[in-house]
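# Residue-level structural notes
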Amino acid sequence: AMSEGEWNVVLKAWAHVESDPAGIGQAVLLRLFADHKETLSSFPKFKNLSPAELQSSGDVRAHGLIVVNKLTEVFKKKGEHANSLKPLAESHSKKHKIPIQYFEMISDVIVKVMAEKIADFGADGQAAVRKALKVFTTDIGIFYES
Ligand code: HNN
């Protein structure tokens, strides 16, 4: 579990993400599709788009915003997030059939993109965000199995 202090470090770094949620969300999805091409086929709306079309797609940007906003909601709960995760886990496991590994992949990508975009995202901030995303993914995984 994460301490109150660790959650506060996460929220401080995440405030930079909240200042441009669509831009960072878009960057995260584009990087995910570039680094892990298999993830693209999970999105019926995007899977037939070329790399250039993905770059300029308003739908990709809109979905990136949804992802970031959901993480903002979850992180603000500082671990008391079960009620937020259950519907997300159910739709992604049963309806969208997303392997849990894809949540690990996007977690790595989120930290990478944050490190590129945020000037003062040091080792402590990175470690705290990594840990928060690990808690998030683990707790989603619990609902996947139930
Ligand atoms: O739950 C839902 O079905 C509502 C739409 C939604 C939300 C709120 C989706 C979603 C869809 C449906 C898209 C639509 O309705 O047009 C699909 C096909 N996701 C996917 C696919 C893959 C995917 Mn995700 N999501 N999502 C959310 C919310 C948040 C969210 N999704 C995620 C990952 C890792 C993947 C595989 C690459 C993902 C994450 C990490 C998050 C943020 C917590």
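Residues numbered from 1 in each chain as written. Predicted model: local features only at pLDDT ≥ 70, side-chain atom pairs only at ≥ 80, totals over all residues. Heavy atoms only, no water.

## Some points on the coordination of the manganese atom of the ligand
For the manganese atom of the ligand, the protein contributes exactly one donor atom, His-92 (NE2), at 2.2 Å. Within the secondary structure, His-92 sits in helix α5 (residues 82–95). (Donors = N, O, S within 2.8 Å, 3.2 Å for Na, K, Ca; no water. Helix = DSSP H or I, 4+ residues; strand = E, 2+ residues; numbered from the N terminus.)

## Brief notes about the packing of helix α6 (residues 100–117) against helix α7 (residues 123–145)
For the pair α6 and α7, interaxial distance at closest approach is 10 Å and the crossing angle is 165°. When the axes of α6 and α7 are compared, the pair comes out roughly antiparallel. Considering only the axes of α6 and α7, their crossing is right-handed. Of α7, the residues touching α6 (which contributes Ile-100, Phe-103, Glu-104, Ser-107, Asp-108, Ile-110, Val-111, Met-114 and Ala-115) are Gln-126, Val-129, Arg-130, Leu-133, Phe-136, Thr-137, Ile-140, Gly-141 and Tyr-144. Of the residues in the contact of α6 with α7, the class split is 11 nonpolar, four polar and three charged. (Axes fitted to C-alpha atoms, helices over the stretch in contact; angles between N-to-C directions. Parallel < 35°, antiparallel > 145°, perpendicular 65-115°, else oblique. Left-handed = near helix turned anticlockwise from the far one by under 90°. Contact = heavy atoms within 4.5 Å. Nonpolar A, V, L, I, M, F, W, Y, C, P; charged D, E, K, R; others polar.)

## Considerations on the packing of aromatic side chains
With the rule as written, the count across this model stands at seven aromatic pairs. Between Trp-14 and Phe-75, the aromatic rings sit 5.0 Å apart at their centres with planes inclined by 85°, giving edge-to-face as the arrangement. Within this pair, whereas Trp-14 is found in helix α1 (residues 4–18), its partner Phe-75 is found in helix α4 (residues 58–76), the two being separated by 61 residues in sequence. Considered together, Trp-14 and Phe-75 belong to a single accessibility category, that of buried residues. Note on Phe-103 and Tyr-144: the rings are 6.3 Å apart at their centroids and 80° apart in plane angle, and the pair reads as edge-to-face. Linking Phe-103 in helix α6 with Tyr-144 in helix α7, this pair joins segments that are 41 residues apart in sequence. Note on Phe-103: relative accessible area 9%, which makes it buried. (Phe/Tyr/Trp six-rings, centres within 6.5 Å; stacked < 30°, edge-to-face > 60°. Buried < 20%, exposed > 50% of the residue type's maximum accessible area, 1.4 Å probe, protein only.)

## Let's talk about the environment of Val-67
Along the chain, Val-67 turns up in helix α4. A C-alpha to C-alpha distance of 17 Å links Val-67 and Lys-117, two positions 50 residues apart in sequence.

## Quick word on the packing of α4 against α5
Each packed pair of helices is defined by two parameters, the angle between the axes and the distance between the axes. As a packed pair, α4 and α5 sit with axes 9 Å apart at the nearest point and diverge in direction by 145°. Of the residues in α5, those touching α4 at Lys-70, Glu-73 and Val-74 are Ser-84, Leu-85 and Leu-88. In the contact of α4 with α5, the residues fall into three nonpolar, one polar and two charged.

## Focus on the confidence of the model for the protein chain
The share of residues in the protein chain with pLDDT of 70 or more is 100%, and the mean pLDDT across the chain is 96. Taken together, the chains of this predicted complex give a pTM of 0.95 and an interface ipTM of 0.94. (pLDDT = per-residue confidence, 0-100.)

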